[in-house]
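These are the residues of each chain, in order.
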Amino acid sequence: MSNEAAETAHTATAAETQPGPEPLPHGIGASLPSAESRAKTEGTFPYASDLWAEGLLWAAVLRSPHAHARIVSIDTSQAREMPGVRSVVTHEDVPGEALHGRKTADRPVFASDVVRHHGEPIAAVAADHPDTARMAAAAIFVEYEVMDPVTDPEKAFAAEPLHPDGNLIRHIPLRHGDPEAAGELVVEGLYRIGRQDPAPIGAEAGLAVPRPDGGVELYIASTDPHTDRDMAASCFGIDPDIVKVVVTGVPGATADREDASFHLPLGLLALTTGCPVKLTATREESFLGHAHRHPTLLRYRHHADAEGRLVKVEAQVLLDAGAYADTSSDALAAAVSFACGPYVVPNAFIEGWAVRTNNPPSGHVRGEGAMQVCTAYEAQMDKIAKKLGIDPAELRLRNAMATGDILPTGQTVTCPAPVAELLAAVRDFPLPELPKDTPEDEWLLPGGPEGAGEPAAVRRGVGYGLGMVQLLGAEGTDEVSTATVKVHDGIATVICAAVETGQGFSTLARQIVQETLGIDEVRVAPVDTDQPPAGPSCHGRHTWVSGGAVERAAKMVRTQLLQPLAHKFGMSTELLQITDGKITSYDGVLSTTVTEAMDGKELWATAQCRPHPTEPLDEAGQGDAFVGMAFCAIRAVVDVDVEIGSVRVVELAVAQDVGRILNPTQLRVRIEAGVTQGVGAALTENLRTPRGLVRHPDLTGYALPTALDTPDIRIVKLVEERDVVAPFGAKAASAVPVVTTPAAVASAVRAATGRPVNRLPIRPQAAVAT
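Residues numbered from 1 in each chain as written. Predicted model: local features only at pLDDT ≥ 70, side-chain atom pairs only at ≥ 80, totals over all residues. Heavy atoms only, no water.

Right, let's talk about unusual backbone geometry for a bit. With an omega of -5°, the peptide bond between Leu760 and Pro761 qualifies as cis. Phi angles above zero are rare outside glycine, and Arg691 is one such case at about 55°. Mapping Arg691 onto the fold places it in the loop between α15 (664-683) and β28 (712-719). At Phe728, a residue that is not glycine, the phi angle is positive and equals roughly 65°. Relative to the helices and strands, Phe728 resides in the loop between β28 and α16 (735-753). We classify Phe728 as buried; its relative accessible area is 11%. (Helix = DSSP H or I, 4+ residues; strand = E, 2+ residues; numbered from the N terminus. Buried < 20%, exposed > 50% of the residue type's maximum accessible area, 1.4 Å probe, protein only.)

This is the structure:
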């Protein structure tokens, strides 16, 4: 540094002041509170159901009461003649493509000739009052020729085609190793996984507003706005440039929000009436309309040697996709690829199918594919341990996967895979104390106080689950996100179309900019499709690709900020650092604030993040299909009344591979939420569909776990081994505990009862000891 530069450098001196308030959390690694938490608490968060517009009309959708029927005729005359009705639309009024879909365009906007599932949209109405709209929809007369539904996925192979594309959506035959390999010990099992609904608590709603240029704006809680925009434009027969999706507040999402069966009829009504139209779905419509977790049938045969080391795994995995393809191809790829779990398996032969039935559509739900197979392969591990007389945790440790091992798909695990470390952590964590047989502790019994349980019939069981999930999309998916960071007047703004669904992206974006630029006040702009695409909010994508894009843009702004100072003082920008809003040189001579360095300028930069490419699985199920993976170990402790089959989950000890902790509080909350969702899948959540008809489509008949059902969740270890190819080295947090928890709970119930427990959710009769 020159003498002249040194003389002009500003040196900050600390003024003697009274101690101030504690500094707010700041940057990466801090527990920065969510920017939305206050608005949600105060009831000012902008949910779509709260929106209003001048001249607003109300929409209602007529849905099929049958699972499978031929439509003979549709008579809308009575509905059109009702006072206050402004428009009635059916398949005849769809001006563009009649079919839509996220992966495969096979689903009609409105059923025209055949109804393929209970609740399929037939028509939609716009009226000046919501009651009028509902009455008009009910007044539409549809003549059906009811047909026998195909509801058993095994029978779908031989059944008459339910769709022009046939009943088979995808078949993956995975072949890895020697088909003649055999072990000294063989165990087999048949497993069934039920239909879990994402059950969004917030109402599914939307507002469509026609534009002067002939387009439409859709205000919806979309988790993939650009895909929804393109889908809508195709069905509306207009250019995507005049369709705009504005993302309203998303009230949490463990799956896709606002299925197209809601917003496509909404947009059509706005275009036909020339007025804003609003639709708020009833709880019943939500259960009928959106996608659910794939019900799955699994057959397994494990071969092991006398020491319990796995020799070969043979499996058949059958996913019930429901009436349409949706994301079933992706779910099947995950199920087949992870069918052996986080274990070293030299020989694997897996057959996977996804088929259409007349059941409600299945699609993306957190941990799809991986959750179903985890329950099955962990049951198989318990069987091997029991036959050999080996401790279940020890058996798993002997087979645990590590970095450098090979997946059955032939892909090398290059990311951190501390599976043995995770399992050892939960195994060694102290067990909870046994409840005392006293009246004041009756609430500890399965069923609670005054229940039918007797203390003498209660048995405690301990079980384990090891799970794994993919990070990002798979099989050649182009994972890319774009972000812009602008700084002006001491305020930074992040513009990125990554939707905040509760995964914490908006908080993470603020932390990244704070860390990189030293600016406290960071705002995240609302999301709409005028911004460049960021992709869907699933598989932890936004922590990786959108967070990476924000980081790169912020670093580019940092360079713009520091270059003039570096040039002035004859040094490189690498010798300057930003900490707590101050810019200092490596030698401490230069010290100025970020605000002073900005000098009223506006700086901005746009950047993209695109992880390394993947490839589709080939005809033998081989290929580098995944960018990365995350792992989790859970030890479940349950109390089971073996006379009546009631189960109480006492404690779940969790150890998880997180890469790097970006926000400690937010990370723990995400893990706890994932575990709770897994408890629901294990014990209560099953959307029953006899003959394809959704039974009890409400939150009374569908039993979600509440705060009273949530067990003690002990996060005993978070392994921070950074993935070098991921921005910040972090991994997604919420999907893998959802995948692992049901398997651990089922394992614990097996230990308590001696029963096989081969179905989820666990029914009382399966928990009664023989």
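For side chains of opposite charge, pairing can occur when their charged atoms come near one another. Counted according to the given criterion, the structure contains 38 salt bridges. With a shortest N-O distance of 2.8 Å, Arg301 and Glu188 are connected by a salt bridge. Remark: Glu188 occurs in strand β10 (residues 185-193) and Arg301 occurs in strand β15 (residues 296-304); sequence separation between them is 113 residues. When the shortest N-O distance is used, the salt bridge between Asp478 and Arg610 registers 2.8 Å. With Asp478 in the loop between β18 (458-474) and β19 (481-488) and Arg610 in the loop between β25 (603-609) and β26 (626-641), this pair connects stretches of sequence that are 132 residues apart. On the accessibility criterion, Asp478 (49% relative accessible area) is partly exposed. Put simply, Glu188, Arg301, Lys312 and Glu314 are held in one network by salt bridges that share partners. (Salt bridge = Lys/Arg side-chain N within 4 Å of Asp/Glu carboxyl O.)

Enumeration according to the criterion identifies six aromatic pairs in this entry. The ring of Phe262 has Arg63 sitting right over it, with the charged end atom 5.2 Å from the ring centre. (Phe/Tyr/Trp six-rings, centres within 6.5 Å; stacked < 30°, edge-to-face > 60°. Lys NZ or Arg CZ within 6 Å of the ring centre and 35° of its normal.)

All right, on to the nonpolar core then. Ranked by internal contacts, the top residues of the largest apolar core, which has 112 residues, are Tyr300, Ile350, Val373, Phe631, Val745 and Ile762. If you tally residues by element for this core, the top one is β26, at 11 residues. Counting residues in hydrophobic clusters, the runner-up holds 48 residues, among them Val487, Ala553, Ile583 and Val594. (Core = buried A, V, L, I, M, F, W, Y, C linked by side-chain atoms within 4.5 Å.)

Turning our attention to empty space enclosed by the protein. Under the defined criterion, the tally for this structure stands at six cavities of 30 Å³ or more. Each pocket or cavity is described by its volume, and for the largest cavity that value is around 160 Å³. Classifying every residue of the lining of the largest cavity by side-chain character gives four nonpolar, four polar and seven charged. (1 Å grid on protein atoms, 1.4 Å probe; cavity = no way out; pocket = protein on both sides within 12 Å on 5 of 7 lines; lining within 4 Å. Points joined across faces, edges and corners; volume = space filled by probe spheres on them. Nonpolar A, V, L, I, M, F, W, Y, C, P; charged D, E, K, R; others polar.)

This part covers the sheet that holds strand β24 (residues 591-593). Pairing is antiparallel across the open sheet formed by three strands, whose spatial order is β22-β23-β24. Lying at the two open borders of the sheet, with one neighbouring strand each, are β22 (576-579) and β24. Mean inter-strand twist for the sheet, computed between neighbouring axes without regard to direction, equals 25°. The sheet contact formed by strand β23 (residues 582-585) and β24 spans three bridges and is antiparallel. When the sheet's bridge partners are listed, Ile583 is paired in β24 with Thr592. Contacting β22, β23 and β24, helix α13 (residues 541-568) crosses the sheet at an angle of about 125° to β22. (Pairing = 2+ DSSP bridges. Axes fitted to C-alpha atoms, helices over the stretch in contact; angles between N-to-C directions. Contact = heavy atoms within 4.5 Å.)

Extensive coverage of strand β16 (residues 310-322) is indicated by the burial of 11 of its 13 residues. As paired strands, β15 and β16 are joined by nine bridges and run antiparallel to one another. The residue bridging Leu297 from the neighbouring strand is Leu318, located in β16. Between β15 and β16, which pair antiparallel in sequence order, lie five residues; one of them, Gly308, sits at a positive phi of approximately 90°. As judged from the 10 bridges shared by β16 and strand β17 (residues 347-356), these two strands associate in the parallel manner.

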